[in-house]
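# Descriptive structure summary
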Amino acid sequence: MTTGALLKRAFLCVPLVGLAVLVTACVTEDTWTGHVYPSKDKLSVSRMIGVYSSLQECRDAATGVIAFEGWINADYECGLNCEKLFKEIPDSVLVCKQTSR
């Protein structure tokens with residue numbers, strides 16, 4: 001293959017790769033991970049309640065769990081796009097882009 005043909009291929013491939021990266025970035029959806037704390041005075045004890053597509057769904061699930069369990073002094077939080085700090089450890093701490101109640 002000649003140098004000219006290789007350059008043409010390169011110029012065709014670069015925009016396609018850029019487009020693929022852009023589409024992947026746009027398709028990625030936010031997720032909210034919910035945690036409830038049976039006692040807001042003891043935040044070291046928590047329960048992960050699931051992953052939701054919106055903050056409101058996470059809030060509704062958290063308040064539902066708290067009501068179902070009958071916890072009076074409970075609290076919750078929802079984390080945006082959380083990832084394990086150490087992926088190889090099943091119970092690793094989660095790092096989230098944002099947390100909210």
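Read on for an overview of the structure. (Residues numbered from 1 in each chain as written. Predicted model: local features only at pLDDT ≥ 70, side-chain atom pairs only at ≥ 80, totals over all residues. Heavy atoms only, no water.)

In this structure, S100 sits in strand 6 (residues 98-100). Residue S100 is classed as buried on the basis of its relative accessible area, which comes to 19%. Placed 41 residues apart in sequence, S100 and R59 show a C-alpha to C-alpha distance of 9.0 Å. Filtering out sequence-adjacent residues up to four positions away, S100 remains in contact with W32, L55, R59, E77 and C78. Of the polar contacts made by the side chain of S100, one reaches the side chain of R59; its length is 3.3 Å. (Helix = DSSP H or I, 4+ residues; strand = E, 2+ residues; numbered from the N terminus. Buried < 20%, exposed > 50% of the residue type's maximum accessible area, 1.4 Å probe, protein only. Contact = heavy atoms within 4.5 Å. Polar contact = N/O pair within 3.5 Å; in protein donor to acceptor, adjacent residues only side chain to side chain.)

Here we take up the packing of aromatic side chains. Taken as a whole and assessed by the stated rule, the structure comprises 0 aromatic pairs. The cationic tip of R101 hangs over the ring face of Y76; the distance from NZ or CZ to the ring centre is 4.8 Å. (Phe/Tyr/Trp six-rings, centres within 6.5 Å; stacked < 30°, edge-to-face > 60°. Lys NZ or Arg CZ within 6 Å of the ring centre and 35° of its normal.)

What follows is about the state of the cysteines. Working definition: the covalent bond between the sulfur atoms of two cysteines is a disulfide. For the structure on display, the rule yields 2 disulfides. Residue C82 pairs covalently with C96 via a disulfide, S to S 2.0 Å. On the sign convention where negative is left-handed, the bridge of C82 and C96, at about 100° about the S-S bond, is right-handed. Residue C82 is located in the loop between strand 3 (75-80) and strand 4 (83-84), and its partner C96 is located in the loop between strand 5 (94-95) and strand 6; the two are separated by 14 residues in the primary sequence. (Disulfide = S-S within 2.5 Å.)

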